[in-house]
Amino acid sequence: MPAELTIYENRLARQMDAGEFVLAVVTATKPDFYKQAPVVTAARDAGVPTFVLHTGQHYDDVLGHGLAEYGIEDRVAVDLAIRGSLSEKTAQVHRRIDELTDTLEQRWPDTTVLPIVHGDTHAAGIVPQAWLFATNQAVAHNEAGLRGMSPDFEGYEDVPAFVDAQWTGEWSINRAEPFPEQYDTFVGSAGSIYHFAPVELNREHLQREGYPAAVEDDERIPVVGNSVVDAIDLKRDADLEESVFDIYPVLEERDDWIRVDIHRRANLLPDRFRAIVEGVIGLVEDGYNVNFVELTATRKALEHYGYRDRLLELDQQRENFLFTGLWKKHAHVYEFLTSGQCFAEFTDSGSMQEELNYIDEAISLTARFNTDRPETVFEAGTNLLVPPVDGEYVREMVEYVAETDAVREEIQTGPNLYGENVGESIVEFLQEKREATPFDWAHERVGFETGEQDFEYL
């Protein structure tokens, strides 16, 4: 039997009874836990009634640990218990949001609940749609306006020229990937009324698509930074009972590690995945220290393409290769990245590109042909694309960065883009909107007012 919606009555009632405006902070997957936690904390400090609406997509001991690690597990008042394929998750979100909003309307008809989704998870795309369809009200979107871009350059084979072109050349919109994340962030915008843009570029994307920066004096797309900086500040100096170097002593015994984290669907395609894994093996054989982190999707791909046994053997035979599962505590990731032991993170993670803009000790190398955080490349210079063309190219480009002092220094000294106290800024903005209805009609946009707005479709 599939899991069903769970409402934690006491937690929900405690917040819903506290005022006529309540935030529902939506979490779904691991990045949500640490990027949405600052919003929950800021709301609690400001006295704004707030509960966590968890889709339940990441729920096991490792993937779901962030709820406890960031102190928001006891704020989960609703668990949608979403499981299955993308289509199954989509249908379940719609059905269970419908059920939840019926309950809220019956018990607290005069209370406005404003969900705030995050980033480009599937929940960021589907929860706004489900909420809008169920209530005729829009949501707020933390980390809005993420749109993929790629450099206008075709000379990939000339590595120095390609590096320079990324930092100084022209870029164009390329929303083909990551999939489905680019779909989710795009359609999530359509169901949102307040868009919290990390940087000005994100606001420009949204305005180009027709989302107003303001309606009369009502601001809609504030540039607030990225709440990942709050998470890093919270955890980078955390008092850990056990260090990551206690768990993996070799990380302290050797330095200049390249940490590899690959999980995007497109990078699990045959040619790309082989390029990445063969490139990593080439780096190990050339003497570079490599930690390959195996996620669930990565393991399936390694087994499918016949690489897993090879990596396990490499782990046994080479002191400069460490093959691990996903690190349970996010604080361990920050501990390692800020330790000086890690030279680079070779990743397809969007969040990691942001985090390494804020963390100066390690650099970001992105295994993609495009990126939805292009500002980290052409504005800050703290990131570079390493397209998985083939194994030799991946190895050559990573080694070029590793051995070119000027490139390493450029990446490590770029400006921080994502501000500070972002969770607090988001909550302060929303406090000013507590009297507003989170939806407007076309006639209101052009300045016509009418009376009663409540309406049940005939």
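Note that this is a predicted model, so its numbers are computed, not measured.

Topic: the overall build of the chain
Item 1. When its secondary structure is counted, the chain shows 21 helices and 17 strands.
Item 2. Taking 23 Å as the expected radius of gyration for a compact globule of 458 residues, we find that the chain reaches 22 Å, a close match to that expectation.
Item 3. Seen through its C-alpha atoms, the chain measures out along the principal axes to roughly 70 × 45 × 40 Å.
Item 4. Expressed as a percentage of the 458 residues in the chain, the buried residues total 58%.
Item 5. For the chain, the accessible area works out to roughly 19200 Å², and carbon and sulfur atoms hold 45% of it.
Item 6. Here the chain contributes 38 positive and 87 negative side-chain charges, whose respective centroids are spaced 5 Å apart.

What about the UniProt feature "domain: UDP-N-acetylglucosamine 2-epimerase" (unreviewed entry) in the chain?
Item 1. The positions UniProt marks with the feature "domain: UDP-N-acetylglucosamine 2-epimerase" (unreviewed entry) are residues 44-149 and 172-430.
Item 2. Strand forms 15% of residues 172-430 and helix 47%; the C-alpha atoms that close the span are 33 Å apart.

Focus: helix H18 (residues 391-403)
Item 1. Taking 1.5 Å of rise per residue, the 13 residues of H18 would be expected to cover 18 Å, and the 18 Å separating its terminal C-alpha atoms lies within 8% of that figure.
Item 2. Every buried residue belonging to H18 is among Gly391, Tyr393, Val394, Met397, Val398, Glu399, Val401 and Ala402, and all of these are buried.
Item 3. Two or three places before glutamate 392, at the start of H18, stands the capping residue aspartate 390, its side-chain oxygen 3.2 Å from that residue's backbone nitrogen.

A few points about the environment of serine 351
Item 1. Structurally, serine 351 is set in helix H16 (residues 350-358).
Item 2. Put simply, serine 351 and phenylalanine 292 are 59 residues apart on the chain and 18 Å apart in space, counted from C-alpha to C-alpha.
Item 3. Each residue touching serine 351, except ones within four places of it in the same chain, is listed here: Pro31, Tyr34, Lys35 and Arg373.

Here's the deal with the sheet that holds strand E3 (residues 50-54)
Item 1. Across the sheet, seven strands lie side by side as E1-E4-E3-E2-E5-E6-E9; this open sheet has mixed pairing. Taken across any chain shown, the strands that pair with only one partner, and hence form the sheet edges, are strand E1 (6-7) and strand E9 (192-196).
Item 2. Inspection of the sheet shows strand E2 (residues 21-27) paired to E3 by five bridges, in the parallel sense. Residue pairing for E3: valine 26 is matched across the bridge by leucine 53.
Item 3. This element, helix H20 (residues 422-431), spans E2, strand E5 (112-118), strand E6 (139-142) and E9 of the sheet and lies at about 145° to E9.

Description of the nonpolar core
Item 1. One finds Phe196, Ile258, Leu311, Phe321, Phe346, Leu365 and Leu430 to be the most contacted residues of the largest nonpolar core, which totals 105 residues.
Item 2. Structurally, this core is a two-domain feature, drawing no fewer than three residues from each of domain 1 (6-157 + 173-226 + 419-446) and domain 2 (244-413).
Item 3. Listed in part, the 28 residues of the second largest apolar core include Leu53, Ala77, Leu80 and Ala123.

Examining a negative patch on the surface
Item 1. Where like charges cluster on the molecular surface, the negative patch consists of Glu20, Asp98, Glu99, Asp102, Glu105, Asp110 and Glu435.
Item 2. As for its position among the elements, glutamate 99 is in helix H4 (residues 86-107).
Item 3. Relative accessible area serves as the criterion here: at 41%, glutamate 99 is assigned to the partly exposed category.

With respect to the pairing of strand E12 (residues 257-261)
Item 1. When you tally the buried positions in E12, you get five out of five residues, the bulk of the element.
Item 2. Covered by surrounding structure in E12 are Trp257, Arg259 and Asp261 together with Ile258 and Val260, the residues of both alternating faces.
Item 3. In this region the chain leaves E12, passes through helix H12 (residues 270-285) and returns to the parallel neighbour strand E13 (residues 289-294); the handedness of that crossover is right-handed.

Some words on empty space enclosed by the protein
Item 1. The full count for this structure, using the stated rule, is two cavities of 30 Å³ or more.
Item 2. In this structure, the largest cavity spans a volume of roughly 40 Å³.
Item 3. Surrounding the largest cavity, Glu177, Pro178, Phe179, Arg264, Ala266, Asn267, Arg272 and Arg368 form its lining.
Item 4. Across the lining of the largest cavity, the residue classes break down as three nonpolar, one polar and four charged.
Item 5. If you count residues domain by domain, the lining of the largest cavity takes at least three from each of domain 1 (6-157 + 173-226 + 419-446) and domain 2 (244-413).

What to know about the sheet that holds strand E16 (residues 363-366)
Item 1. The strand order across the open sheet formed by six strands is E14-E13-E12-E15-E16-E17, and the pairing between neighbours is parallel. Here the strands that pair on one side only, and so sit at the sheet edges, are strand E14 (321-325) and strand E17 (383-385). Geometrically, the sheet is characterised by an average inter-axis angle of 20° between neighbouring strands, direction not taken into account.
Item 2. Examined bridge by bridge, strand E15 (residues 342-347) and E16 share four bridges and lie parallel to one another. Residue pairing for E16: glutamate 345 is matched across the bridge by serine 364.
Item 3. In this fold H12 packs onto E12, E13, E14 and E15, with an angle of close to 150° to the strand it touches most, E13.
Item 4. The strands that helix H14 (residues 308-317) touches are E13 and E14; relative to E14, the one it contacts most, it runs at about 125°.

Thoughts on the pairing of E9
Item 1. Taken across its five residues, E9 has five buried, putting it largely inside the fold.
Item 2. Bridge count for E6 against E9 is four bridges, and the pairing is parallel. Paired with alanine 140 across the bridge in E9 is tyrosine 194.

Conventions adopted
Residues numbered from 1 in each chain as written. Predicted model: local features only at pLDDT ≥ 70, side-chain atom pairs only at ≥ 80, totals over all residues. Heavy atoms only, no water. Helix = DSSP H or I, 4+ residues; strand = E, 2+ residues; numbered from the N terminus. Rg over C-alpha atoms; globule rule 2.2 N^0.38 Å. Buried < 20%, exposed > 50% of the residue type's maximum accessible area, 1.4 Å probe, protein only. Areas by Shrake-Rupley, 256 points an atom, 1.4 Å probe, with all protein chains shown as cover. Lys, Arg positive; Asp, Glu negative; His and termini not counted. Charge placed at Lys NZ, Arg CZ, Asp CG, Glu CD. UniProt positions renumbered as here; feature names shortened; annotations may be inferred. Expected span 1.5 Å × (residues − 1). Polar contact = N/O pair within 3.5 Å; in protein donor to acceptor, adjacent residues only side chain to side chain. Contact = heavy atoms within 4.5 Å. Pairing = 2+ DSSP bridges. Axes fitted to C-alpha atoms, helices over the stretch in contact; angles between N-to-C directions. Core = buried A, V, L, I, M, F, W, Y, C linked by side-chain atoms within 4.5 Å. Domains from an automatic or database assignment. Patch = residues over 30% accessible without salt bridge, like charges linked within 9 Å, V, L, I, M, F, W, Y side chains within 5 Å. Salt bridge = Lys/Arg side-chain N within 4 Å of Asp/Glu carboxyl O. Right-handed = clockwise from strand over helix to strand, strands pointing away. 1 Å grid on protein atoms, 1.4 Å probe; cavity = no way out; pocket = protein on both sides within 12 Å on 5 of 7 lines; lining within 4 Å. Points joined across faces, edges and corners; volume = space filled by probe spheres on them. Nonpolar A, V, L, I, M, F, W, Y, C, P; charged D, E, K, R; others polar.

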